[in-house]
Amino acid sequence: MSGKTAGIWTAGILITGNIVGAGILGLPINTGLAGFGLSTASMLLVWALMLGTALILSKRVLESRQEDFDLPSLFGQALGPLGKWLAVGANLLILYGLLVAYLSGGAGLLLNLCHLPFSREVAMLIFFCLITSLTLFGLAFLQKGNAFLMILMWLAFGGLLLLAGSKVEPSRLTYADPMLLPSALPIMVTAFHFHNIIPTTCRSLDWDAKSVAKALLIGTLIGLGMNLLWNVVVTGSLPVSGPGESNILYAFDHGLPATVPLSKVISSSIFTTVGMVFALLAITTSYMANGTALMGFVRDMFSLPDRGVGRVLTALITFVPPLLVAVFYPGLFLKALDVVGGVGIALLFGVLPGLLLFKDSQSTLGRSLGIVIVACFLVVLLFEMGQELGLLSIDADIEVWKAAQKI
């Protein structure tokens, strides 16, 4: 393997590592409500759209060859002040929302799988102190040990597939409810979000457009394969609804990661341990990466120095707000991922790149593709905004759930 090819695969694996974050833990719970077939087709479409917007942004980065990828400036130059401030707002929503999701999901894991003798608030505070300390003081460890952590996470993921695969019942994969598909779209968008590392990818591949495109394709294809496999295993292993806590509807209602109900179905200490390792690695590495990114964003926004009082203020502005939200509004794991994907990511890495393509293209085909991209992400955005504002209610019909208990 040549050095260039090795570099492409290294960059691709880094992209996959960013895709396989906490979004994969919530993905099959939301998609399971709509059914395997419908969610698989939608997932393929979302993957194609997210890859498309990544290629649009990478083209801009390659043209400018900027060492630092400044999202607000990039959109400001192309779309004016409105584009700049939309990017600022969307980026803050994404980063704060993801931290809320990670705190809520981590506390849920500790309570439901470790059976700690604490309240949810105490468990969340313990989890917050641990992973925030790692973020503030363990960045060097994360950078040096990233490859090891990724290998460990993939081994755990493989173990989950093997252990849960025996519980898959093909009949469960035939269930479908098109009315619940829109509620799964935002978390699909979150599960294919990696766009913040596009500038890193461009720099690592010496600004070579073909190499960057190959790395984006390889990395997102591996991520797509992992998401599809996980979707098969979870939707095939768990009943849609039923008595007890080991079903998709219960996990959805209580905002739990997929590993929690799976551990109750499989009833294996090995699976519980492997599931904990995978879930905590996915959440911790994602929290550290996004927490570091938010600290940098806050520091730049308020012109704070990275030392002394400035560093303390940066940390407080970064980490205290998501902690307060997670403590006072528990069980927000899935809801936070939905808002992040349906509003923040759909706007910043969907609608705005589509507008860039429409503006930059000289051909009718390019402008048409830009319109299609904008329209698709606007659908996700409008569905999510409608649900959050109470204008649209996507609820499961009780009779459907009763019938689904037989699946």
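Residues numbered from 1 in each chain as written. Predicted model: local features only at pLDDT ≥ 70, side-chain atom pairs only at ≥ 80, totals over all residues. Heavy atoms only, no water.

Draft legend 1. Quick peek at the environment of Ala346. Within the secondary structure, Ala346 is located in helix H14 (residues 333–360). Look at Ala346 and you get buried, because its relative accessible area is 0%. With residues near it in sequence (within four places) discarded, Ala346 still touches Val189, Gly341, Val351, Phe377 and Val380. (Helix = DSSP H or I, 4+ residues; strand = E, 2+ residues; numbered from the N terminus. Buried < 20%, exposed > 50% of the residue type's maximum accessible area, 1.4 Å probe, protein only. Contact = heavy atoms within 4.5 Å.)

Draft legend 2. Quick look at the nonpolar core. Of all hydrophobic cores here, the largest spans 126 residues; its most connected members are Phe75, Leu103, Trp230, Phe278 and Leu348. If you tally residues by element for this core, the top one is helix H4 (residues 71–113), at 19 residues. With near-sequence residues (within four places) excluded, Phe75 lies in contact with Leu57, Gly80, Gly83, Lys84, Ala87, Leu348, Leu352, Pro353 and Leu356. (Core = buried A, V, L, I, M, F, W, Y, C linked by side-chain atoms within 4.5 Å.)

Draft legend 3. Structural view of the packing of aromatic side chains. Enumeration according to the criterion identifies four aromatic pairs in this entry. Site record: aromatic cluster; members linked through ring pairs are Phe157, Trp230 and Phe278. (Phe/Tyr/Trp six-rings, centres within 6.5 Å; stacked < 30°, edge-to-face > 60°.)

Draft legend 4. How the structure looks around the pattern of salt bridges. All told, the structure shown has six salt bridges when counted by the stated rule. The shortest N-O distance in the salt bridge between Asp208 and Lys4 comes to 3.9 Å. Taken together, the residues Asp208 in the loop between helix H8 (198–204) and helix H9 (209–237) and Lys4 in helix H1 (residues 3–19) connect sequence positions 204 residues apart. Using a relative accessible area of 26% as the deciding quantity, one classes Asp208 as partly exposed. When the shortest N-O distance is used, the salt bridge between Arg60 and Asp360 registers 3.0 Å. Taken as a pair, Arg60 in helix H3 (residues 36–64) and Asp360 in helix H14 lie far apart in primary sequence, 300 residues in all. (Salt bridge = Lys/Arg side-chain N within 4 Å of Asp/Glu carboxyl O.)

Draft legend 5. Summary view of a nonpolar patch on the surface. Together, Val309, Val312, Leu313, Leu316, Val320, Leu324, Val325, Phe328 and Tyr329 make up an exposed nonpolar region whose accessible area comes to about 860 Å². Relative to the assigned elements, Leu324 resides in helix H13 (residues 308–328). Given a relative accessible area of 45%, Leu324 falls into the partly exposed group. (Patch = residues over 30% accessible without salt bridge, like charges linked within 9 Å, V, L, I, M, F, W, Y side chains within 5 Å. Areas by Shrake-Rupley, 256 points an atom, 1.4 Å probe, with all protein chains shown as cover.)

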